[in-house]
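# Chain and residue survey
Spelled out from the first residue to the last, the chains are:
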Amino acid sequence: MRLVLTADTHLPKRARDLPEQLWTAIDAADVVLHAGDWVDESLLDAMTARARRLVGVYGNNDGPELRARLPEVARVDLDGLRVAVVHETGPRTGREQRCAARFPDVDLLVFGHSHIPWDTVAPNGLRLLNPGSPTDRRSQPYATYLEAETTRGSLESVRLHTLPRR
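Read on for a plain summary of the structure. In this text the structure is predicted, and so the values were computed from the model without any measurement.

What the five strands build is an open sheet, ordered E4-E5-E6-E8-E7; its pairing is mixed. This sheet does not close on itself; its edge strands, each paired only once, are strand E4 (73-78) and strand E7 (118-121). This sheet shows a mean twist of 15° between the axes of neighbouring strands, independent of strand direction. The pairing of E7 with strand E8 (residues 127-130) spans four bridges and is classified as antiparallel. In the strand pairing of E8, Trp118 is matched with Asn130. Across the sheet, helix H4 (residues 95-102) touches E4, strand E5 (81-86), strand E6 (108-110), E7 and E8, and the angle it forms with E7 is around 70°.

Okay, structure coming up:
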């Protein structure tokens, strides 16, 4: 199963649209996971129309319209891979332990908020992934998103994609 992970898209404040490379990945994915801070409902509508399956949550910059349509935490089983999606996980110090305690029944946690790509494993085996942001790189050298492959409930590969500077 091919996954695309994104977060912190901040449309239309940080960009008018997603980069074409990300739209192409979304079109080809089996599941798209968005970890919040959409900012405008039109992006949710566009992704819903294009993605085969979309799992998303709201972030701290998402208003009442998006909060009415999206949960704070989404949980999904992807052929045996237990996944949770949330926007914020708190400070980087102690993140793995905090998230392992909050999500003890999850194999993969996708989160956003920092705009910083993150890939670690908690002591209990929980994999934590933050795709960064495809539109607002902040202090990072590049805007980013992630692609991952799963096979029968196992996360087989994770690839960080950098996007051309605008």
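Attention now goes to the pattern of salt bridges. Per the counting criterion, the structure on display carries 12 salt bridges. Between Asp30 and Arg52 there is a salt bridge, and its shortest N-O distance comes to 3.3 Å. With Asp30 in the loop between helix H1 (20-28) and strand E2 (31-34) and Arg52 in the loop between helix H2 (41-50) and strand E3 (54-56), this residue pair connects regions lying 22 residues apart in the sequence. Overall, Arg52 belongs to the exposed group, its relative accessible area being 57%. Look at the salt bridges and you will find they share partners, linking Arg2, Glu147, Glu149 and Arg159 into a network.

Pairing between E6 and E8: three bridges, direction parallel. The residue bridging Leu109 from the neighbouring strand is Leu128, located in E8. If you look at the hairpin formed by E7 and E8, you'll find five residues sitting between the two strands, and Gly125 has a positive phi there, around 95°.

Ordered by their spatial adjacency, five strands build an open sheet running E3-E2-E1-E9-E10, and the pairing between neighbours is mixed. Edge positions in the sheet fall to E3 and strand E10 (154-163), since each of these pairs with one other strand and no more. Averaged over all adjacent pairs, the angle separating strand axes in this sheet is 20°, with direction ignored. Where E2 meets E3, three bridges bridge the pair, whose relative direction is parallel. Within the sheet, the bridge partner assigned to His34 lies in E3 and is Gly56. Against the sheet, H1 touches strand E1 (2-6), E2, strand E9 (143-151) and E10, its axis set at about 140° to E1.

For the rest of this paragraph, the subject is the packing of aromatic side chains. One pass over the structure, following the stated rule, counts zero aromatic pairs. Over the ring of Trp118 we find Arg95; its NZ or CZ atom is 4.4 Å from the centre of that ring. Residue placement shows Arg165 over the ring face of Tyr142; its charged tip is 5.6 Å from the ring centre.

What counts, and where the lines are drawn
- Residues numbered from 1 in each chain as written.
- Predicted model: local features only at pLDDT ≥ 70, side-chain atom pairs only at ≥ 80, totals over all residues.
- Heavy atoms only, no water.
- Pairing = 2+ DSSP bridges.
- Helix = DSSP H or I, 4+ residues; strand = E, 2+ residues; numbered from the N terminus.
- Axes fitted to C-alpha atoms, helices over the stretch in contact; angles between N-to-C directions.
- Contact = heavy atoms within 4.5 Å.
- Salt bridge = Lys/Arg side-chain N within 4 Å of Asp/Glu carboxyl O.
- Buried < 20%, exposed > 50% of the residue type's maximum accessible area, 1.4 Å probe, protein only.
- Phe/Tyr/Trp six-rings, centres within 6.5 Å; stacked < 30°, edge-to-face > 60°.
- Lys NZ or Arg CZ within 6 Å of the ring centre and 35° of its normal.

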